[in-house]
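A closer look at the structure
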Amino acid sequence: MRHLLSAADLDRAQAVTVLDVAEQMAATQRREIKKLPTLRGRTVVNLFFEDSTRTRISFEAAAKRLSADVINFSAKGSSVSKGESLKDTALTLEAMGADAVVVRHPASGAPHRLAHAGWTRGAVVNAGDGTHEHPTQALLDAFTMRRHLVENATGADLAGRRVALVGDVLHSRVARSNVLLLNTLGAHVVLVAPPTLLPVGVEGWPCEVSYDLDATLAGGHGDLDAVMMLRVQAERMNASYFPSVREYSRRYGLDARRVGLLPEHTVVMHPGPMNRGLEISADAADSPRSTIVEQVTNGVAVRMAVLYLLLAGARDLAPAGPPADEVALTEGVLP
Amino acid sequence: MTARRTVLEAAEIRRALTRIAHEVLERNKGADDLVLLGIPTRGVTLATRLGRRLTEIEGRPVPVGSLDATMYRDDLRRQPVRTIAPTELPDGGIDDKVVVLVDDVLFSGRTIRAALDALSDLGRPRAVRLAVLVDRGHRELPIRADHVGKNLPTSLSERVRVALEEVDGTDEVRIESDAAEVSA
């Protein structure tokens, strides 16, 4: 593994390795001394062209727990707001000796460009690009599911588990990465959303589609093991995708009644930040089945695992990433 | 052609472990405060066996755990990335205990150096000792074992393979070399 750009970069064995390493990283985070010397002397740059608090501090905590030096670069108030291009920013970071670049960018495909244009020798980690992908979120979601749903988790995948992703699939990079990764891990995915919030070409994704949340929760696509609510991304909506907030909430919001439809063991997930009262009600979000806070904790362990696997080994022994021209940048179409 | 030579057979491994068990107890004047920590993978298997013997001899359980030192190694950047094995400390921890690290082969000493670092992040033992099944020499650091199953003079071109029933299906220590010549 040279970069982590898409959840599709990982085959089953690699994905399980990331989850297994994350399990050991999580164990170290329960100790009194949480810092490990593993990446001492390495530099990780958080390159954030889009606002993000939780993902950035999660990566920052992960890198610091592994003793890497962390440089935070956010576009606001930087030379980017003076018109600097991605290329020049990348060349600057390369000149500063970045071993890994964690990039979040509003344009889908920016991390691919960064990884394959030859501007930087560092490993590139996609921390969310446009409406395209967010692979570390998918990994931490899979990690959380595996912990709750699989006994003797080490080495195991999610074969046979059923997961519903509910809500704004169209604007969700989390949904796309989750569909890809869950499929790789053998889980069965159902997308539940109004037709206006599903991307073009969704019928080609490796999952089922439902427009009726109640029917799906009640077992219309088999007993669910996890329900993941997606944030309604109002900031990316330049048209009206549903008639009113109230109608959306009534048809696609998760509340206590709908949680009651689910089997006993089903976990309720949300990648955050939540719109309480819109896609998820407070009593669903705070219910004992909710793993929402745990997902944040797991995020640090999973990102430690990703940084460890990308940076700890000898560079020249790592297999090369896929060539840039194989990568589909089109929104709505899976690579 | 790979030349193979068996240097320890199942019975010899068994006798070596029994002797180490008695040595550990003699040195520690009993099983008080003893904690065995195996270094994955085969060190954990050996620690488990050693713990069983100590329990038989002393008639009370001796805690056994595992200590993975991968994230403390100084050669991570020279090798392909390694996966990480679990570190499991027995209940009661290691503070003020006498920790006996157990590994299969003592070679450069770098694994033990990393394990000592890992240990100091986990607690403060009263003393740390080292038990190994095979000492093959070629130390690169000032580290020595307190209890050795067998001293095995080797050349740097040879490889020492420890196979254990629980992991490999058979008990055996052998020396492999690519060249046909076999050193004493």
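Residues numbered from 1 in each chain as written. Chains lettered and ligands numbered in written order. Predicted model: local features only at pLDDT ≥ 70, side-chain atom pairs only at ≥ 80, totals over all residues. Heavy atoms only, no water.

Here the focus is the overall build of chain B. Helix and strand counts for chain B come out as four helices and eight strands. By the compact-globule yardstick of 16 Å for 184 residues, chain B fits well, its C-alpha radius of gyration being 16 Å. Projected onto the principal axes, the alpha-carbon positions of chain B cover approximately 50 × 40 × 30 Å. Per-residue burial for chain B yields a buried fraction of 50% across its 184 residues. Long-range contacts, defined as pairs at least 24 residues apart, comprise 70% of the intrachain contacts of chain B with a sequence gap of at least 6. When the accessible surface of chain B is split by element, carbon and sulfur atoms take 47% of a total near 9,000 Å². Taking the average location of the 29 positive side-chain charges in chain B and that of its 31 negative ones, the two points are 3 Å from each other. (Helix = DSSP H or I, 4+ residues; strand = E, 2+ residues; numbered from the N terminus. Rg over C-alpha atoms; globule rule 2.2 N^0.38 Å. Buried < 20%, exposed > 50% of the residue type's maximum accessible area, 1.4 Å probe, protein only. Contact = heavy atoms within 4.5 Å. Areas by Shrake-Rupley, 256 points an atom, 1.4 Å probe, with all protein chains shown as cover. Lys, Arg positive; Asp, Glu negative; His and termini not counted. Charge placed at Lys NZ, Arg CZ, Asp CG, Glu CD.)

What follows concerns the sheet that holds strand β4 (residues 123-129) of chain A. All names here are of chain A. Spatial strand order, β2-β1-β3-β4: four strands in an open sheet with parallel pairing. Looking at which strands have only one partner, the edges of the open sheet turn out to be β2 (69-74) and β4. Neighbour-to-neighbour, the strand axes of this sheet turn through a mean angle of 15°, independent of strand direction. Here strand β3 (residues 100-105) pairs with β4 via five bridges, running parallel. Looking across to β4, one finds that V102 is bridged to V125. Against the sheet, helix α11 (residues 292-311) engages β1 (43-48), β3 and β4, with an angle of about 150° to β4. (Pairing = 2+ DSSP bridges. Axes fitted to C-alpha atoms, helices over the stretch in contact; angles between N-to-C directions.)

All names here are of chain A. Most of strand β5 (residues 162-166) sits out of view: four of its five residues are buried. What joins β5 to strand β6 (residues 188-192) is helix α6 (residues 173-184), and the crossover it makes is right-handed. Where β5 lies against strand β8 (residues 226-229), four bridges are found, and the strand directions are parallel. Looking at the pairing, V166 lines up with M229 of β8. (Right-handed = clockwise from strand over helix to strand, strands pointing away.)

For the rest of this paragraph, the subject is the packing of aromatic side chains. Applying the stated criterion across every chain, the model contains three aromatic pairs over all chains. Ring geometry for F49(A) and F73(A): centres 6.5 Å apart, planes at 55°, overall tilted. Note that F49(A) is positioned in the loop between β1 and α2 (54-65) and F73(A) in strand β2, a separation of 24 residues in sequence. Ring geometry for Y248(A) and Y252(A): centres 5.8 Å apart, planes at 35°, overall tilted. Placement of the pair is Y248(A) and Y252(A) together in helix α8 (residues 245-252), with a separation of four residues, close to one helical turn. The burial state of Y248(A) is the same as that of Y252(A); both residues are buried. Here the aromatic residues F242(A), Y248(A) and Y252(A) are joined through ring pairs into a cluster of three or more. Above the plane of the ring of F59(A) lies R303(A), whose end atom (NZ or CZ) is 4.9 Å from the centre. A cation sits over an aromatic face here: R136(B) above F107(B), 4.0 Å from the ring centre. (Phe/Tyr/Trp six-rings, centres within 6.5 Å; stacked < 30°, edge-to-face > 60°. Lys NZ or Arg CZ within 6 Å of the ring centre and 35° of its normal.)

This part takes up the nonpolar core. Membership of the largest hydrophobic core comes to 94 residues, with the highest contact counts inside it found for M25(A), L191(A) and Y308(A). Top element by residues in this core is α11(A). It accounts for eleven residues. Per-domain counts for this core show at least three residues from each of domain 1 (7-134 + 296-328) and domain 2 (135-293) of chain A. Discounting residues that sit within four places of it in the chain, M25(A) has contacts with L36(A), L66(A), A301(A), M304(A), A305(A), Y308(A), M71(B) and I84(B). Membership of the second largest hydrophobic core comes to 30 residues, among which are V7(B), L46(B), V100(B) and V134(B). (Core = buried A, V, L, I, M, F, W, Y, C linked by side-chain atoms within 4.5 Å. Domains from an automatic or database assignment.)

Shape is all these values report; function is a separate question.
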